[in-house]
Amino acid sequence: MKNLILVFFIGGSSFMLQAQGAPAGGVQGRPSSQDQPKPAAEIPGTTASKGNTRIKGSVTDSTNGQPVQFATVALLSKEDNKPVDGVLSNEKGDFILGRIGAGEYRISITFIGYQAHIISSVKVEHKGEINLGKIVMRPDITQLQEITVTGEQSLVEDKVDRIVYNAEKDITNAGGNASDVLKKVPMLSVDIDGNVQLRGSSSVRVLINGKPSTIMSASVADALRQIPADIIKNVEVITSPSAKYDAEGTAGIINIITKKNNLQGVSGSVYTSVGNRTDNGGINLNFRRKKFGINVSGGGNYSNNPGDAITERSNLFDNQVLAQLNQSSKFRNEGGGGYGQTGFDYDLNDKNAINSSLRINQFRFNNSNQLNSSLTGTDGTLIQFYDRSINNKNHWSNLDWNMGYTRTFRQTGRELSFLGQVGVNRPQNNSFINQTGIGEQPGPREQNWNQSQNAEATLQTDYVHPFKNKNTFEAGGKAILRRVGSDFQFSAFDPELNEFIANPRRTNSFSYDQDVVSGYATYSFNWKKFGFKLGSRYEQTHIKADFQSTETAFSQAYGNLIPSATLSRDLTKSQKMRMGYTQRIQRPQIYYLNPFVNYSDTLNLFSGNPNLDPELSHLFELGYSAFAKSNSINASLYWRQTDNAIESVRSVDELGVSRTTFLNIASNRTVGLSLFGSAQPTTRWRVSGNVNLYYTMLTSPALNASNSNWMYNFNVNSSYTFPGGFSAQCFGFFNSPRVQLQGRFGGFYNYNLAVKKELFRKKGNVSLGLDNPFTRAVRMESFFQSQTFVSHDVRNMYRRGVRVSYNHQFGKMDFNAKPRRRKSISNDDAKGGDSGQ
């Protein structure tokens, strides 16, 4: 494509290394003039003092003399045990620590399944080379037994370019779903309907295991409710993605990583949970033998969430009230489904590997709603009255298939990969409506039917080339082909014919094709105490849409050059500052584009807008992080600007009918401060918290409307470990009211308590969880207004819950696996729906 260009800037980034310690022991380093081995992979983020000395050695297994590949070799300060430099051993077990300054150090060599090997003192006094010779690592004595691997991993980790929430460490997650998990992640907020926001913006991209899933295209909120919390390992939040990532997601990227392992042998786990609001269960099986590994898992869940709502709306004309609408409703959303997935990876040889995975989801939800509506004039005259029994049936089915090939080279860190992905999502919505009027007189019977589809194919290639001076060049290309369609119709019951008759005026078919071709390049390097990573990405987009029923069509093409820059500096060995800038694009998906009009409530209509343009945002961020033993703090000051923001817009016509759709009519500017801290007051007690304070300014000249205000959200998480295998944890969060262009969306809160008991030598555990135990209903109060209406809405969500969960691990495993890092596709360029239609 002639407009496709690759532009890159020189840049780099640095990352923090955290090394494990162990009781001192080992040998004194000694000089040598032996030949240099092949370079080992460096561990980014270490802060070695610059010098001219090299330290090298070779790591081997004590039982068979074979090299131990990918062992972590950490150079630690003798004085305070802080990480100074680090590498991974190469395929021959060799490693080199280069450019080491004078001083006295400790060296820690660790790898899963082996006892840590510590060299207590290595003195560097002059330039040259220190050869540690052959370093023998002994396997852990439990490796051939049926075991559970445990560790003191923090609940939240602060890395240079992302925050990582380790969901498997939080016992309040047992028996919940992905929506429950995301509520506890720093910088994220999830409202009662399951809509996710990052630093106050819903323009985020949600990935699963680093890959997009078409299940997210129709409704992110509904998809998250179908992912059991028990299969989630951790969640990554990336606020300033580099040029390597797709430019989609104006606020950032959320990556949900599920549990898996690379251990040799057969292992697995089963989980189940029973409660008054949710039930779920599933199984996970892993098999790995030498170069081949396979994983199979499956499960299902069910949820039941009731609520009620009251709406009071005044319809206006020239600031005069024309009519008053009063509505009350009682609703219940219940249903569930299942998932199954399988994947394999195979090392063809030391340099070539392939992998593939397949995931299938099926779930159904029924939303029943008893709606009472009355429309009266200013003199109290009843204009319209009805009771509606609405039954919405939603069915989703999706399939994602991934495949990949990775080629490594003799030079450590050099890598070429080719990836492909095919995904299909088919959401279906059917509404059945029975209406009665005054005196329970029978009213119209209606049906709304909407079948939509989102098909997506992706091809991607990436190349990484490290240099001897620790600089790294990365480049790649990508093509995403999307085919979106929607077929909808409305029909009313004809009592004379005794059948439903379709209404052509409310029937249409819609197709939407979107092709995105992109290329990127980045270059990273260190200069003095600064780390740089600069790059650029170019994306060319082609769109074609067709309304088949009305024989109207449109097409457009545009290109975007997306720069990114990150600067980091280590203030001390435990303090770091970073600064970043990037541009982000948010392309609307089927939820925003679908022109299907939902007539389930004839006084409140909703539809998408196929004429939407993508959002383009600028994002600046300044961050600071500090660590001290088991305590940490992270602070980020950010600015986000979007000039053509997609906003939900409501208007009321002269008949009193409200119509809601989406338009590119707003400018959104947000400045905020995000604070996260974690501490361990005692060896048994951990506590962490997150506060996000931000100010948002929304303006729309087209609507002659503006709104702005301060907003905030915070959460606190605390856990305590008791003797005898008992532990307890509590969590709570609050989200303030959110500014909308036409009003204010209500605030909300949530809290959980849980206790857990480990059983069968830590192979199993049982837990009791309580959700909002002291609150009958969570109340949300919202206000909206424009030149044509003023509305006051109150919703009550009954989320008090109790559940009992059990998890059991089984199988025999050993640790001789030498896993190859898997590559995956991340389509970060689509704006998914917040909730189902």
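See above for the structure.
Before going into details, it helps to say that this report is about the structure given with it.

Definitions and limits used
Within each chain, residue numbers correspond to sequence positions counted from 1 in written order. Given that this is a predicted model, residues contribute local features only at a pLDDT of at least 70 and side-chain atom pairs are listed and counted only at 80 or more, while totals for whole chains, interfaces and linings are drawn from all residues. To get the side-chain values, take all heavy atoms of the structure and skip hydrogens and water. Helical segments are the DSSP runs of H or I of at least four residues, strand segments are the runs of E of at least two, and each set is numbered from the N terminus. Accessibility here uses a 1.4 Å probe with only protein chains present; expressed as a share of the type maximum, an area under 20% marks a residue as buried, one over 50% as exposed, and anything in between as partly exposed. Two residues form a contact once any of their heavy atoms are found within 4.5 Å. Accessible surface is estimated by sampling points in the Shrake-Rupley manner with a 1.4 Å probe; for residues, cover comes only from the protein chains shown. Centres within 6.5 Å make a pair out of two Phe, Tyr or Trp rings, where for Trp the six-membered ring is used; the pair is then stacked when the planes are under 30 degrees apart, edge-to-face when over 60, and tilted otherwise. Criterion for a charge above a ring: Lys NZ or Arg CZ within 6 Å of the ring centre, and within 35 degrees of the ring normal. Counted as a polar contact is a pair of N or O atoms within 3.5 Å, where, for protein atoms, one must be capable of donating a hydrogen and the other of accepting one, and residues adjacent in sequence contribute only when both atoms are in side chains. Basic side-chain nitrogens of Lys or Arg form a salt bridge, by our definition, when they fall within 4 Å of a carboxyl oxygen of Asp or Glu. Should DSSP find at least two bridges between two strands, the strands are taken to pair. What we call a nonpolar core is a set of buried Ala, Val, Leu, Ile, Met, Phe, Trp, Tyr and Cys residues that are connected through their side-chain atoms within 4.5 Å.

Here the focus is the overall build of the chain. Broken down by element type, the chain carries four helices and 45 strands. With 837 residues in all, the chain has 53% of them scored as buried. In the chain, once contacts between residues fewer than 6 apart in sequence are set aside, the share between residues at least 24 apart is 69%. In the form shown here, the chain has an accessible surface area of approximately 36100 Å², with 55% of it arising from carbon and sulfur atoms.

What follows is about the packing of aromatic side chains. This structure, assessed with the given rule, holds 20 aromatic pairs. Consider the rings of Phe-606 and Phe-662, whose centres lie 5.7 Å apart with planes at 85°: the pair is edge-to-face. Taken together, the residues Phe-606 in strand β31 (residues 604-606) and Phe-662 in strand β34 (residues 658-679) connect sequence positions 56 residues apart. Of the residues examined, Phe-662 reaches a relative accessible area of 6% and is grouped as buried. Arranged with centres 4.8 Å apart and planes meeting at 55°, the rings of Tyr-720 and Phe-722 form a pair that is tilted. Tyr-720 sits in the partly exposed class, given a relative accessible area of 32%. You can call Phe-722 partly exposed: its relative accessible area is 38%. Taken together, Phe-525, Trp-527, Phe-530 and Phe-532 form an aromatic cluster joined through their ring pairs. The cationic tip of Arg-407 hangs over the ring face of Phe-409; the distance from NZ or CZ to the ring centre is 4.8 Å. Above the plane of the ring of Phe-409 lies Arg-414, whose end atom (NZ or CZ) is 4.0 Å from the centre.

This paragraph deals with the side chain of Gln-729. Along the polypeptide, Gln-729 turns up in strand β37 (residues 726-735). Reaching out from Gln-729, the side chain makes a polar contact with the side chain of Asn-717 at a distance of 2.7 Å.

So, about the pattern of salt bridges. Taken as a whole, this structure holds 15 salt bridges when the rule is applied. For Asp-771, the salt bridge goes to Arg-803, with nearest N and O atoms at 2.5 Å. Linking Asp-771 in strand β41 (residues 764-771) with Arg-803 in strand β44 (residues 801-814), this pair joins segments that are 32 residues apart in sequence. The buried category is assigned to Arg-803, whose relative accessible area is 5%. Here Arg-779 and Glu-781 are joined by a salt bridge, their closest N and O atoms 3.9 Å apart. When its relative accessible area of 45% is taken as the criterion, Arg-779 is described as partly exposed. If you follow the salt bridges from partner to partner, you end up with Arg-54, Lys-56 and Glu-129 in one network.

This paragraph deals with the pairing of strand β19 (residues 292-317). Here strand β18 (residues 278-289) pairs with β19 via 12 bridges, running antiparallel. In the sheet register, Arg-289 faces β19, and the bridge partner there is Phe-292. Where β18 folds back on β19, the antiparallel hairpin that results is connected by two residues, among which Lys-290 adopts a positive phi of roughly 55°. Sheet topology note: the β19/strand β20 (residues 320-347) ladder contains 26 bridges and is antiparallel. Of the residues in β20, the one forming a bridge with Asn-304 is Glu-334. A loop of two residues connects β19 with β20, the two strands running antiparallel in sequence, and Asp-318 in this loop sits at a positive phi of about 55°.

What follows is about the pairing of strand β23 (residues 415-425). The two faces of a sheet get side chains in turn, since along a regular strand they alternate between them. Relative to β23, strand β22 (residues 382-408) runs antiparallel, the two being bridged by 11 bridges. Looking at the pairing, Met-403 lines up with Gly-420 of β23. Counted along the chain from β22 to the antiparallel partner β23, the turn is six residues long, and its residue Gly-413 has a positive phi close to 95°. Here β23 runs beside strand β25 (residues 442-466); their pairing, made up of 11 bridges, is antiparallel. Bridge pairing in β25 places Val-424 opposite Ala-455.

The subject of this paragraph is the nonpolar core. In this structure, Leu-182, Leu-224, Ile-232 and Ile-254 are the most contacted members of the largest nonpolar core, which totals 30 residues. Going through the elements one at a time, β11 (163-165), α1 (178-182), β12 (188-190), β13 (196-198), β14 (204-208), α3 (220-224), β15 (232-238) and β16 (252-258) are the ones with two or more residues in this core. Of all hydrophobic cores here, the second largest spans 23 residues; its members include Ile-55, Val-68, Phe-95 and Val-124.

Of note in this structure, Asn-498 is not a glycine but carries a positive phi near 55°. Position of Asn-498 relative to the elements: it lies in the loop between β26 (472-494) and β27 (499-527). By relative accessible area, which is 58% here, Asn-498 ends up exposed. Unlike most non-glycine residues, Lys-528 shows phi in positive territory, near 55°. Residue position: Lys-528 is located in the loop between β27 and β28 (530-547).

Bringing the environment of Asn-333 into the picture now. Within the secondary structure, Asn-333 is located in strand β20. In the structure, Asn-333 is positioned 59 residues away from Asn-392 in sequence and 9.3 Å away in space, judged by C-alpha atoms.

Bringing the side chain of Asn-609 into the picture now. By secondary structure assignment, the location of Asn-609 is in the loop between β31 and β32 (615-628). A distance of 3.0 Å separates a polar atom in the side chain of Asn-609 from the backbone nitrogen of Asn-611.

Before going further, it helps to spend a moment on the environment of Ser-782. Assignment of secondary structure puts Ser-782 in strand β42 (residues 778-785). If near-sequence neighbours (up to four positions away) are discounted, Ser-782 is found in contact with Arg-744, Phe-745, Gly-746, Ser-791, His-792 and Asp-793. Looking at Ser-782, its side chain comes within polar contact range of the main-chain nitrogen of Gly-746, at 2.9 Å.

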